[in-house]
Amino acid sequence: SGLGAPVVPRRDPTIAYSVISARLTATMDRPSSGQPSWVWELNQAAASMEVGDWDRALATLRRIEPETPAGAVRYRLGLAYMMAGPRYRDLARQSFQQAADDVDARLFHNDGPWVAPRARARLAELNRSTP
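Just so you know, the residues in each chain are numbered from 1, in the order the chain's sequence is written. Where local features are concerned, this predicted model is filtered to residues with pLDDT of at least 70; where side-chain atom pairs are given and counted, the filter is 80 or more; whole-chain, interface and lining totals use all residues. By convention in this description, side-chain values take in all heavy atoms of the structure and omit both hydrogens and water.

**Here's the deal with the environment of Asp102**
Thinking step 1. Helical segments are the DSSP runs of H or I of at least four residues, strand segments are the runs of E of at least two, and each set is numbered from the N terminus. Mapped onto the elements, Asp102 comes out in the loop between α5 (89–101) and α6 (115–129).
Thinking step 2. Taking the relative accessible area as the measure of exposure, Asp102 reaches 24% and is therefore partly exposed.
Thinking step 3. For Asp102 and Ala116, which are 14 residues apart along the polypeptide, the C-alpha to C-alpha distance reads 6.4 Å.
Thinking step 4. Residue contacts for Asp102: discarding those within four places in its chain leaves Ala70, Gly71 and Ala116. Here the term buried applies to any residue with accessible area under 20% of the maximum for its type, exposed to any over 50%, and partly exposed to those in between, with areas from a 1.4 Å probe on protein chains only. Whether two residues are in contact is decided by their heavy atoms, any of which lying within 4.5 Å being enough.

Laid out in C-alpha cells, this is it:
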C-alpha cells in the first residue's frame, strides 16, 4: 500500500501565508516587473490580513501609506485596526473617515469598487458597536 503526497487544505493559514509571502517577496525583487514596490507590499498586507496576521498587515500598511493612493490604503488600515482589537477602535474610525473623504478612491484599481461607500459602512458599523 502506497501513500500519496499529503494534501494541504487550500486555505490553511500556516501554509498559505508563507507561500504568498515568498512569492510576493520574489516578485518585488525583480526590477523588471515594472510595478512600484508598494503594489506588491499592498498585496502582501492583503495576504497578512487574509490569515489574521494583523500586526504584520498594520506594519506594512503604515510603511507604504505615504507613497500609495490614500483612500484604498486607509480603508485597509481601518479594516486591520478594526480586526486587531478594541484598543485600535479610534484609529480604525480615523482611517475609515479619511477613506470616506477620498471620493475618487477605488479599492483595487481604477475600475474597481469605490472606497468611500465601503468606508462609510464600516464607520456606521463601528459607531453601532461602541457605547
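**Digging into the side chain of Glu41**
Thinking step 1. If you trace the backbone, Glu41 turns up in helix α2 (residues 37–50).
Thinking step 2. Looking at Glu41, the relative accessible area reads 11%, which means it is buried.
Thinking step 3. A distance of 2.8 Å separates a polar atom in the side chain of Glu41 from a polar atom in the side chain of Arg63. A 3.5 Å cut-off defines polar contacts: any pair of N or O atoms within that distance qualifies, except that in protein one atom must be a possible hydrogen donor and the other a possible acceptor, and neighbouring residues in sequence count only when both atoms are side-chain atoms.

Just geometry here; none of it tells us what the structure is for.
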